[in-house]
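# Architecture at a glance
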Number of protein chains: 2
Amino acid sequence: MEIVFLGTAGSLPTEKRGLPAIFLDYMGEYTLFDCGEGTQRQMRIAGINFMRINNVFITHLHADHFMGLPGLMQSMDFLERKKPLEIYGPPGLEDTLDHILSLGTFKPDALEIQAHEIDEGTVIKGERYTITATRVSHTKNSLGYCFQEDAKRTFLKQKALALGIPEGNLFSKLQRGETIEHKGKTFHPDQVLGEPVTGRKIVYTGDTRACDAVAELAEGADILIHDGTYSQEDIEKVEDREHSTAAQAAHTAKKADVKKLYLTHISQRYPDPKPLEEEARAIFPESYVAEDFLKIKVPRHK
Amino acid sequence: MEIVFLGTAGSLPTEKRGLPAIFLDYMGEYTLFDCGEGTQRQMRIAGINFMRINNVFITHLHADHFMGLPGLMQSMDFLERKKPLEIYGPPGLEDTLDHILSLGTFKPDALEIQAHEIDEGTVIKGERYTITATRVSHTKNSLGYCFQEDAKRTFLKQKALALGIPEGNLFSKLQRGETIEHKGKTFHPDQVLGEPVTGRKIVYTGDTRACDAVAELAEGADILIHDGTYSQEDIEKVEDREHSTAAQAAHTAKKADVKKLYLTHISQRYPDPKPLEEEARAIFPESYVAEDFLKIKVPRHK
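Rules of the game
- Residues numbered from 1 in each chain as written.
- Chains lettered and ligands numbered in written order.
- Predicted model: local features only at pLDDT ≥ 70, side-chain atom pairs only at ≥ 80, totals over all residues.
- Heavy atoms only, no water.
- Least-squares fit on C-alpha atoms with pLDDT ≥ 70 in both.
- Contact = heavy atoms within 4.5 Å.
- Buried < 20%, exposed > 50% of the residue type's maximum accessible area, 1.4 Å probe, protein only.
- Helix = DSSP H or I, 4+ residues; strand = E, 2+ residues; numbered from the N terminus.
- Arc of directions from axis to C-beta.
- Polar contact = N/O pair within 3.5 Å; in protein donor to acceptor, adjacent residues only side chain to side chain.
- Buried area = accessible area lost by both parts, 1.4 Å probe.
- Salt bridge = Lys/Arg side-chain N within 4 Å of Asp/Glu carboxyl O.
- Core = buried A, V, L, I, M, F, W, Y, C linked by side-chain atoms within 4.5 Å.
- Pairing = 2+ DSSP bridges.
- Axes fitted to C-alpha atoms, helices over the stretch in contact; angles between N-to-C directions.
- Left-handed = near helix turned anticlockwise from the far one by under 90°.
- Nonpolar A, V, L, I, M, F, W, Y, C, P; charged D, E, K, R; others polar.

### Here's the deal with the relation of the copies chain A and chain B
Once chain A has been moved 0.1 Å along the axis and rotated by 179 degrees, it coincides with chain B to within an RMSD of 0.1 Å. Such values leave the two copies arranged in the relation of a two-fold axis. A shared binding surface is used by both copies, with 100% of the interface residues of chain A retained as interface residues in chain B.

See the structure below:
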């Protein structure tokens, strides 16, 4: 499981920071959170094959968070992508995509877009993970997302062998939670599965003020990626802009007892982001300012 | 007079090449030709203050040539630009800009957009230069642009003094082409102005097959910036794509007797563009493949 920060700028891109986009590779399944202008190129630079992206989750419909979609869609179409592209986002998404498809002479020949306007709650219940959304405190209809890997139980192979169950198909059934019969005996999964181990959890706030909704969503997360637009010294501006300071994000990280906090959506006011990092670390030591192309590996829980 | 290549990629951006955009600084007056996705950031990287751009000329409404407009407009608005932004392009431009202004929650507070749908002929007659457009051979409604600096006549100061005309206001009038009277005598500008020296000429084709229209537009240009998407070896693909090969562009440059040819809109097939440059130089020695952030100074004619 790997996260790649593709764009860590605030509303304006800078020399070093592209507009918001976060890539998640979960066991070869590619997901994108936000898609600011330039994201397709950032993926090329990062060596990510954007044709393999399944789902895109847009936090809100401010231009800096979705204006990379038209170009990405165009390139996918140009390269004759067959699989539909699933795009999730708050109300207004469908209308926006309609307008995108009316821009210039762009009309996809091959690419099919599936738009999903969502509200808070479960967005996707996959086979191995769940994605949920919660309303955050920014513009109307702003969402934060949580990627929650399913809990797993280790298969206790030695125990199964000791019980006289032969390796093979019966092992698989037990691993999947099915009860089996063998030589007239019944075996339950609980007999050969360890205690459940919680799955990994990643939370991305999009743009937001510090708020309880995020703290709840992020409870115990491995990685909290939080709006950290400003320093506390510039808090007056934060109030205007509906964003968080590094310190506010750190307080939320502490409250939610996450493992690591990554600040993103960094204002152009901070060409050197060290002060933001220090401000956050004074409150929550495991704080980092994300940089473009930063990769984080999230180890499996044991 | 300086040209900065901000994006030299073909339809797909690459690690090294952004989507099409060419910047022209004419004596402090900023003009942009095409505005592919990512252009605002390329300008930041190049150290160009995009707030100073007066006019944007879009060659055609394929997404890779204009999808940087929404983000640029948004940033100009965010930074509270007061001056209207003038955008010129082929029919369909106004409709496209309307759709851009309906994307997401983007609605400019401060920024005024002046859209100008144009056809071939004179687009702008400025005080010091003229911009003309011609239809090129690509998609329907594709334009190439010519920036033509006005011809200038040198003021022959010694000659004026010898005629007894005093320095000052009368000099200025003669320079502007006015006839003056001094001490009962009449003086005509021709008496004190040298032979006209032609102005500098820059031509940008946008996407196009090699065609006579471009050769005519580019006649005697200082700089011809030409579609050079493919090598001659890949000509089959060029016919599909309505683009030029390096060799075809070079033939046009030779025919038009330009000073220098710059190839742009380079396909991702050529991570090393040397073969394109060599292919062009075999026909027209003053050929170059443009790179992102390449700057060309165009010296004043004497």
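### Examining helix α10 (residues 274-281) of chain A
Residue and element names in this part refer to chain A. Inspection of α10 places L276, E277, E279 and A280 among the buried residues, and these make up the whole buried set. For α10, the arc enclosing every buried residue in end-on projection is 160 degrees, short of the 170-degree limit, so these residues lie on one face. Against α9 (246-256), β16 (260-264) and β17 (287-289) lie the buried residues of α10.

### What to know about the side chain of S75(A)
Structurally, S75(A) can be placed in helix α3 (residues 69-78). Reaching out from S75(A), the side chain makes a polar contact with the side chain of Q40(A) at a distance of 2.5 Å. Aside from chain neighbours lying at most four places away, what touches S75(A) is Q40(A), F50(A), S11(B), L12(B) and P13(B).

### Comments concerning the interface of chain A and chain B
Listed per partner, the contact involves 42 residues of chain A and 42 residues of chain B. Both sides of the chain A and chain B interface together cover about 3,400 Å² of buried area, and 58% of this is carbon and sulfur. A per-residue breakdown of the area chain A buries against chain B is headed by E37(A), R41(A) and R44(A), which together make up 19% of the total. Inspection of the chain A/chain B interface yields 0 salt bridges. By residue number, the principal contributor to the side of chain A that touches chain B is helix α1 (residues 39-46) of chain A, which donates 6 residues.

### Details of the environment of F78(B)
Residue placement: F78(B) occurs in helix α3 (residues 69-78). Counting along the chain gives 124 residues from F78(B) to I202(B), while the straight-line C-alpha distance between them is 32 Å. Excluding residues within four positions of it along the chain, F78(B) makes contact with S11(A), L12(A) and R241(A).

### Concerning the nonpolar core
Judged by nonpolar contacts, the single largest core of 57 residues is most densely connected at L32(A), L69(A), L32(B) and L69(B). Once residues within four sequence positions are removed from consideration, L69(A) is found in contact with C35(A), V56(A), I58(A), I87(A), L97(A) and I100(A).

### Side note on the sheet that holds strand β6 (residues 113-117) of chain B
Residue and element names in this part refer to chain B. Spatially, β6-β5-β4-β3-β2-β1-β18 is the arrangement adopted by the 7 strands of the open sheet, whose pairing is mixed. The strands lining the two open edges of the sheet, one partner per strand, are β6 and β18 (295-297). Along the sheet, successive strands turn relative to each other by an average axial angle of 20 degrees, direction set aside. With 5 bridges connecting them, strand β1 (residues 2-7) and strand β2 (residues 21-26) associate as antiparallel partners.

### What to know about the packing of helix α10 (residues 246-256) of chain B against helix α11 (residues 274-281) of chain B
All names here are of chain B. At their nearest, the axes of α10 and α11 sit 8 Å apart, and the two run at 35 degrees to each other. Crossing hand, α10 versus α11: right-handed. The segment α10 lies against α11, with A246, A247 and A250 engaging L276, E279 and A280. Taken together, the residues of the contact of α10 with α11 break down into 5 nonpolar, no polar and 1 charged.

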